[in-house]
Amino acid sequence: QVQLVESGGGLVQVGGSLSLACAASGSIFAINDMAWYRQAPGKQREFVASISFGGRTTYADSVKGRFTISRDNAKFTMYLQMNSLRPADTAVYYCHGDIQAIPSRPAFDHWGQGTQVTVSS
């Protein structure tokens, strides 16, 4: 059983910073791409940033230059450093991982339970 657990959300003022973490645990052989998504009230879940096993990163235009995604492969952990936060960044942030539990089996999508980020003005 594989679990993804996010941490680090909270309340911050406009222009402030927060750092999120996503830790994977359980039966894990390999983690391929990992990503952060977010969902604001009344809106669809949207892509924020992704990182490959080798460290190649992709960002949504709305967070480029403000957010930084990283990962520690040895710890099965991914991070999201969020700077210059805006009210529009308020959402539940979800961790996603493409995880292979057994060498002979394909990788499957896994999601965390989400962590709330609120940016107040």
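For the structure, see preceding data.
Fair warning: this is a prediction, and the values are worked out from it, not measured in the lab.

Asks: Would you mind going over the side chain of Gln100 with me for this structure?
Replies: If you trace the backbone, Gln100 turns up in strand β9 (residues 91–100). Discounting residues that sit within four places of it in the chain, Gln100 has contacts with Ile28, Phe29, Ala30, Arg105, Pro106 and Ala107.

Asks: Which parts of the structure should I look at to understand unusual backbone geometry?
Replies: Note: most peptide bonds trans; most residues except glycine with negative phi. Positive phi, close to 50°, is recorded for Phe76, a residue that is not glycine. Of note, Phe76 is situated in the loop between β7 (67–72) and β8 (77–82). Given the relative accessible area of 29%, Phe76 is considered partly exposed. In this structure, Ser84 is a non-glycine residue whose phi angle is positive, near 50°. As for its position among the elements, Ser84 is in the loop between β8 and β9. Exposure remark for Ser84: the relative accessible area of 41% places this residue in the partly exposed category.

Asks: Can you help me understand the pairing of strand β11 (residues 115–120) in this one?
Replies: Regular strands show a simple pattern: their side chains alternate between the two faces of the sheet. Every second residue of β11 is oriented toward a common face, the buried set being Thr115, Val117 and Val119 and the non-buried set Gln116, Thr118 and Ser120. Across 4 bridges, strand β2 (residues 10–13) lies against β11 in parallel orientation. Paired with Gln13 across the two strands is Ser120, which belongs to β11. Judged from the 3 bridges that link them, β9 and β11 form a sheet pairing that is antiparallel. Bridge pairing links Tyr93 to Thr115 in β11.

Asks: What exactly am I supposed to notice about the side chain of His96 here?
Replies: Following the sequence through the fold, His96 ends up in strand β9. A polar contact of 3.2 Å, which involves the side chain of His96, links it to the side chain of Asp109.

Asks: What is the right way to look at the packing of aromatic side chains in this model?
Replies: Aromatic ring pairs are reported here in terms of the distance separating the ring centres and the angle at which the planes meet. Within the structure shown, the criterion is met by 2 aromatic pairs. With a centroid separation of 5.7 Å and 80° between ring planes, the pair formed by Tyr37 and Phe47 is classed as edge-to-face. Of this pair, Tyr37 sits in strand β4 (residues 30–39) while Phe47 is found in strand β5 (residues 46–51), placing the two residues 10 residues apart along the sequence. Members of the aromatic cluster, connected to one another through ring pairs, are Tyr37, Phe47 and Trp111. Sitting over the face of the ring of Tyr94, Arg45 holds its NZ or CZ atom 3.7 Å from the ring centroid.

Asks: Just checking my understanding: could you explain the pairing of β7 for this structure?
Replies: Because side chains alternate across β7, one face comprises the buried residues Phe67, Ile69 and Arg71, and the other comprises Thr68, Ser70 and Asp72, none of which is buried. In this sheet, β8 lies alongside β7 in antiparallel orientation, the contact comprising 6 bridges. Residue Ser70 lies in a different strand from β8, and its bridge partner there is Tyr79. Taking the residues that link successive antiparallel strands as the turn, the β7-β8 hairpin has 4 residues, and the phi of Phe76 there is positive, at about 50°.

Parameters at a glance
Residues numbered from 1 in each chain as written. Predicted model: local features only at pLDDT ≥ 70, side-chain atom pairs only at ≥ 80, totals over all residues. Heavy atoms only, no water. Helix = DSSP H or I, 4+ residues; strand = E, 2+ residues; numbered from the N terminus. Contact = heavy atoms within 4.5 Å. Buried < 20%, exposed > 50% of the residue type's maximum accessible area, 1.4 Å probe, protein only. Pairing = 2+ DSSP bridges. Polar contact = N/O pair within 3.5 Å; in protein donor to acceptor, adjacent residues only side chain to side chain. Phe/Tyr/Trp six-rings, centres within 6.5 Å; stacked < 30°, edge-to-face > 60°. Lys NZ or Arg CZ within 6 Å of the ring centre and 35° of its normal.

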